[in-house]
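Results of the structural survey
Listed here are the chains, written in short residue letters.
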Amino acid sequence: MSTIAHLPLILLLLCGVVAADQTLAPVPGRPPAPDFNLPDTGGKLHRLSDYRGRPVIINFWATWCPPCREEIPSMNRAWRSLRESGVAMLAINVGEDEDTIFMFTADYPAEYPLLLDRSGEVISQWPVKGLPTSYVIAPDGTLAYRAIGGREWDDEKLLELIRGLKE
Amino acid sequence: MLLALITCLPVAAAEVVRSADGQTGLAKWSFTAGDLEIELIQRLPDQTRGFFQARNFPVAVADEIAGNCIFQTIIRNRNTSGAGHMVAIDLETWRIRHDGAEGGVKLKESWLASWPEATLGQAARLAFQWALFPTRQEFLPGDYNWGMTAYGLPAGSVFDLQVVWQSEGLTDSGWMRGIECAPDVEKLK
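Residues numbered from 1 in each chain as written. Chains lettered and ligands numbered in written order. Predicted model: local features only at pLDDT ≥ 70, side-chain atom pairs only at ≥ 80, totals over all residues.

1. Concerning the overall build of chain B
- In terms of regular secondary structure, chain B is built from six helices and eleven strands.
- Against the 2.2 N^0.38 benchmark of 16 Å for 189 residues, chain B shows a C-alpha radius of gyration of 17 Å, consistent with a compact globule.
- Burial status across chain B gives 38% buried among its 189 residues.
- At a minimum sequence separation of 6, the contacts of chain B that also span at least 24 residues come to 66%. (Helix = DSSP H or I, 4+ residues; strand = E, 2+ residues; numbered from the N terminus. Rg over C-alpha atoms; globule rule 2.2 N^0.38 Å. Buried ≥ 20, exposed ≤ 12 C-beta atoms within 10 Å, placed from the backbone. Contact = placed C-beta atoms within 7 Å.)

This is the structure in structure tokens:
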């Protein structure tokens, strides 16, 4: 059989390699999530413990971080899919001011709340070493899943894991 | 002692590929061995100067960082099957060979300790802390991180880098040879 005849199969295999599975790692021992009380870009305060009873996605990010930018569109799609089922999503910017974020969101609009950790005090209390890092908090306030690096957040397998925390 | 130990370790079936970064056109080197992938992408010293000056670094400090052969670095656990193993790195164990001399990666802890509080404020320290690659990090399947790594060499230097990692309780290593620090375009003008 010619190479051309094999082309659909080759393309299928290549797509399989490119579209890698999206993973969230379970956090061993499920420690409690460190609480915080941070303002969003509109000045509204968000205390993590006020979200008790709902799964919460916490995403640490910065405007200069390329994979942080890359995952924003899929986070928007995930947020649209999850918010009606009671899942919260909070993205915590590390070390930057409102003006920087305002300028950034003109090019990369984010539909979920963007919180400001200008001093880095909150991130220093979390087990985070690089940006982006995300945690999914279970309704009981414990760290359920972790993702180091960006993800395609609207991947159905990821969404199922997150929705599964409500049960 | 550490170097002797590392050089005795078995070298994984690794592959190193040099190519051009799709976005910048700058040279990049990719190292793969098992689940581990390491990418080093050249950063022009002027890019690095600009990045740190935009974050309120004094010109002299931004220039000092830019003159240390900085690479944008991506480390990834390529296994996304969910059944893979953790991969751990410690930059302190990586070795550099350049002009017959051996050295180590310049770690962010040593940079931060070298700048008095009066020279570099808290906001700039925070930016530096998060812009540089963590000295030690563990990667579960699907995890990856980006950050700058510094090799303490003049612009345009060519060096070999021995990378070391741990997986499934074993330490392994491999060489990335002929890595080139980006030229300092600003100083060529």
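There is more to say after this.
2. Section: the nonpolar core
Residue and element names in this part refer to chain A.
- The biggest cluster of nonpolar side chains holds 90 residues, and the ones touching the most others in it are Ile 92, Leu 131, Val 136 and Ile 137.
- With six residues, the top contributor of residues to this core is helix α2 (residues 66–82).
- Sequence-distant contacts of Ile 92, that is, excluding residues within four places in its chain, are made with Leu 38, Ile 58, Asn 59, Phe 60, Leu 115, Asp 117, Val 122 and Ile 123. (Core = buried A, V, L, I, M, F, W, Y, C linked by C-beta atoms within 7 Å.)

3. Brief notes about the environment of B:Ile41
- Mapped onto the elements of the fold, B:Ile41 is located in strand β3 (residues 36–42).
- Expressed as a C-alpha distance, the spacing of B:Ile41 and B:Ala88, which sit 47 residues apart in the sequence, is 21 Å.

4. Some details on the environment of A:Thr63
Residues and elements named next belong to chain A.
- Counting through the fold element by element, Thr 63 comes out in the loop between β4 (56–61) and α2.
- The exposure class assigned to Thr 63 is partly exposed, which follows from the 17 C-beta atoms found within 10 Å.
- Through-space distance from the C-alpha of Thr 63 to that of Leu 161 is 27 Å; in sequence the pair is 98 residues apart.
- Filtering out sequence-adjacent residues up to four positions away, Thr 63 remains in contact with Glu 96, Thr 100, Ile 101 and Phe 104.

5. Focus: the pairing of strand β6 (residues 114–117) of chain A
Residues and elements named next belong to chain A.
- Covered by surrounding structure in β6 are Leu 114 and Leu 116 together with Leu 115 and Asp 117, the residues of both alternating faces.
- Inspection of the sheet shows strand β5 (residues 88–94) paired to β6 by four bridges, in the parallel sense. Residue pairing in the sheet places Ala 91 in a bridge with Leu 114 of β6.
- After leaving β5, the chain enters helix α3 (residues 98–107) and then returns to the sheet as β6, a path that is right-handed. (Pairing = 2+ DSSP bridges. Right-handed = clockwise from strand over helix to strand, strands pointing away.)

6. Focus: the sheet that holds strand β8 (residues 143–148) of chain A
All names here are of chain A.
- Taken together, the six strands give an open sheet; going across it, the order is β1-β8-β7-β4-β5-β6, and neighbouring strands pair in mixed fashion. Two strands in the sheet have a free side with no partner beyond their single neighbour: β1 (25–26) and β6.
- Direction of pairing for β4 relative to strand β7 (residues 133–137): antiparallel, over a ladder of five bridges. Along β7, the bridge assignment pairs Ile 57 with Val 136.

7. Overview of the packing of helix α2 (residues 45–53) of chain B against helix α3 (residues 59–66) of chain B
All names here are of chain B.
- Running from N to C, α2 and α3 cross one another at 145 degrees; their axes reach a closest spacing of 8 Å. Helix-helix and strand crossings are classified by hand; for α2 and α3 the assignment is right-handed. Between α2, through Pro 45, Thr 48, Arg 49, Phe 52 and Gln 53, and α3, the contact on the second element is made entirely by Val 59, Ala 62, Asp 63, Ile 65 and Ala 66.
- For the contact of α2 with α3, the per-class residue count stands at six nonpolar, two polar and two charged. (Axes fitted to C-alpha atoms, helices over the stretch in contact; angles between N-to-C directions. Left-handed = near helix turned anticlockwise from the far one by under 90°. Nonpolar A, V, L, I, M, F, W, Y, C, P; charged D, E, K, R; others polar.)

8. Section: the confidence of the model for chain B
All names here are of chain B.
- Taken as a whole, chain B shows an average pLDDT of 90; of its residues, 91% reach a score of 70 or greater.
- The least confident element of chain B, judged by mean pLDDT, is helix α1 (residues 2–7) at 46; the most confident is strand β6 (residues 95–98) at 98.
- In the model, residues 1–11 has pLDDT below 50 throughout and makes 14 contacts with residues more than four positions away in sequence or in other chains.
- Interface scoring of the predicted complex returns ipTM 0.83; its pTM is 0.86. (pLDDT = per-residue confidence, 0-100.)

9. Observations concerning α2(A)
Residues and elements named next belong to chain A.
- Between the first and last C-alpha of α2 there are 25 Å, a value that for 17 residues agrees with the 24 Å anticipated at 1.5 Å per step.
- Of all the bends in α2, the largest measures some 35 degrees and sits at Ile 72, one to four residues before the proline Pro 73.
- Buried within α2 are the following residues: Cys 68, Glu 71, Ile 72, Met 75, Ala 78, Trp 79 and Leu 82.
- Tucked into the core, α2 has its buried residues touching β4, β5 and α5 (156–164). (Expected span 1.5 Å × (residues − 1). Bend = angle between axes of the 7 residues up to and from the residue.)

10. So, the sheet that holds strand β9 (residues 144–150) of chain B
Residue and element names in this part refer to chain B.
- In space, the five strands of this open sheet follow the order β1-β2-β3-β4-β9, with antiparallel pairing throughout. Of all the strands in the sheet, the pair left with one neighbour each is β1 (15–20) and β9. Averaged over all pairs of adjacent strands, the angle between strand axes in this sheet comes to 20 degrees, irrespective of strand direction.

11. Things to note about the pairing of β1(B)
All names here are of chain B.
- Summarising burial for β1: zero of the six residues are buried, a small minority.
- Across six bridges, β1 lies against strand β2 (residues 27–33) in antiparallel orientation. Considered in β2, the bridge of Val 16 is made with Phe 31.
- Once β1 ends, the chain turns through six residues before running back antiparallel as β2, passing Gly 25 with a positive phi of about 80 degrees.

12. Observations regarding the interface of chain B and chain A
- Taken together, the contacts link 18 residues of chain B with 17 residues of chain A.
- Looking at the side of chain B that touches chain A, the elements that each hand over two or more residues are α5 (122–131), β8 (136–139) and β9 of chain B.
- By residue class, the composition of the side of chain B that touches chain A is ten nonpolar, seven polar and one charged.

13. Observations concerning the environment of A:Thr142
Residue and element names in this part refer to chain A.
- Inspection of the secondary structure puts Thr 142 in the loop between β7 and β8.
- By C-beta crowding, Thr 142 is classed as partly exposed, having 15 other C-beta atoms within 10 Å.
- For Thr 142, the residues in contact, after removing those within four places along its chain, are Arg 30, Pro 31, Pro 32 and Ala 33.

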